[in-house]
Amino acid sequence: MKATIRLDKMLGNLGYGTRSGIKQLIKQGAVTVNGKLAKDHGMQINPNLDEVVLDGETIQYRDSVYVLLHKPAGVVSATEDHRDRTVIDLLDEDLTVLSPFPVGRLDKDTEGLLLITNDGKLSHELLSPRKHVPKTYRSLVAGAVGQADIEAFSQGVKLDDDYVTMPAQLSVLATSKGDGAASGDIEENTDEMMAAIKLVPQSAAPEPNEPLNWIELTIHEGKFHQVKRMFESVGKKVLYLRRVSMGPLRLDANLAPGEWRELTEEELESLRNYRKDGKE
Ligand code: URA
């Protein structure tokens, strides 16, 4: 992750003018970096260490970042990795310079909502096992999911390490009997299911005629591979997984996998209020 940013980009991001306007300012000698006249508008600045002064005013680079990412499959939820691209690699350099990190993890093959921030306190609180922040997933599951599973999940199921999960809310949104056609009460759900079927890698393709389900599951904890292991515990297999919400945050339907945007003021406010309300 880069710790530096171009001087003209830094000033541009802060609203001090266009790239060419800023170039002009620098040419006119209006900017100093660590007490020395800046001559190169493209010079690299570390906003955490370097003092940038414009027309006598010390410039404070923004210090916080809150990003809502639609995580795509194939990237890892980490800040650095020797082998794979990380979720941080998807962001722009003017944000990565602020040292953001993902709040929790999604598996490499999981898509969906991932909050990325440099706010350690917020992250800690959202991940705290005492807060039970709800996380909702939509998933394509192979095997006949039914009432027995809904009841088992609502009671808690025993995972492969003997951990018994907290009560979780499962609903079946659409099903396919293995004939290739999905059906459900709401057309959008069957469309989503058909789209998810296309995303299943060949290596995980279901048996012909195996029943498939498009489900929604809300859990209130975050054990390793939790959703996959919960379905394994009842003899079913997750073929595709997408997180659609976390606490008050919802996945933005306008973001395709790999796209991101900064949180809106309303979203930030809802997160702060959520934290204040101290959901236990
Ligand atoms: N549960 C899983 O199994 N995987 C994820 O990525 C998130 C929840």
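Definitions and cut-offs
- Residues numbered from 1 in each chain as written.
- Predicted model: local features only at pLDDT ≥ 70, side-chain atom pairs only at ≥ 80, totals over all residues.
- Heavy atoms only, no water.
- Helix = DSSP H or I, 4+ residues; strand = E, 2+ residues; numbered from the N terminus.
- Buried < 20%, exposed > 50% of the residue type's maximum accessible area, 1.4 Å probe, protein only.
- Phe/Tyr/Trp six-rings, centres within 6.5 Å; stacked < 30°, edge-to-face > 60°.
- Pairing = 2+ DSSP bridges.
- Contact = heavy atoms within 4.5 Å.

Let's talk about unusual backbone geometry
(1) Moving on: Here Asn34, not a glycine, exhibits a phi torsion of approximately 50 degrees, which is positive.
(2) Moving on: In this structure, Asn34 sits in the loop between β2 (31-33) and β3 (36-37).
(3) Moving on: On the basis of relative accessible area, Asn34 is assigned to the partly exposed category, the value being 44%.
(4) Moving on: The phi dihedral of Ser99 falls on the positive side, at around 55 degrees, and the residue is not glycine.
(5) Moving on: When you line up the elements, Ser99 lands in the loop between α3 (93-96) and β8 (101-102).
(6) Moving on: A residue is classified by how much of its surface remains accessible, and Ser99, at 42% relative accessible area, is partly exposed.

Quick notes on the packing of aromatic side chains
Aromatic rings considered in pairs are described by the distance between their centres and by the relative angle of their planes.
(1) Moving on: Summed over the entire model, instances satisfying the criterion amount to two aromatic pairs.
(2) Moving on: Relative to Phe231, the ring of Phe153 has its centre 5.0 Å away and its plane inclined at 65 degrees; by these criteria the two rings are edge-to-face. Residue Phe153 is located in helix α5 (residues 147-155), and its partner Phe231 is located in helix α7 (residues 226-233); the two are separated by 78 residues in the primary sequence. Accessibility classification places Phe153 together with Phe231 in one group, the buried group.
(3) Moving on: Between Trp214 and Tyr240, the ring centres sit 6.3 Å apart and the planes meet at 25 degrees, which makes this aromatic pair stacked.

Concerning the environment of Gln24
(1) Moving on: Tracing the chain through its elements places Gln24 in helix α2 (residues 19-27).
(2) Moving on: Between the C-alpha atoms of Gln24 and Gln155, which are 131 residues apart in sequence, the distance is 66 Å.

Comments concerning the sheet that holds strand β6 (residues 57-58)
(1) Moving on: Strand order in the open sheet formed by four strands is β3-β2-β5-β6, and the pairing between neighbours is antiparallel. Since the sheet does not close on itself, it has two edges, and those belong to β3 and β6, each with one partner.
(2) Moving on: Of the pairings in the sheet, the one linking β2 to strand β5 (residues 52-54) comprises three bridges and is antiparallel in character. For Val31, the partnering residue across the bridge sits in β5 and is Leu54.

Quick word on the side chain of Thr86
(1) Moving on: The topology assignment puts Thr86 in the loop between β7 (66-71) and α3.
(2) Moving on: Exposure remark for Thr86: the relative accessible area of 1% places this residue in the buried category.
(3) Moving on: Those residues in contact with Thr86 that sit more than four places away from it in its chain are Val75, Val76, Ala78, Thr79, Glu80 and Asp81.

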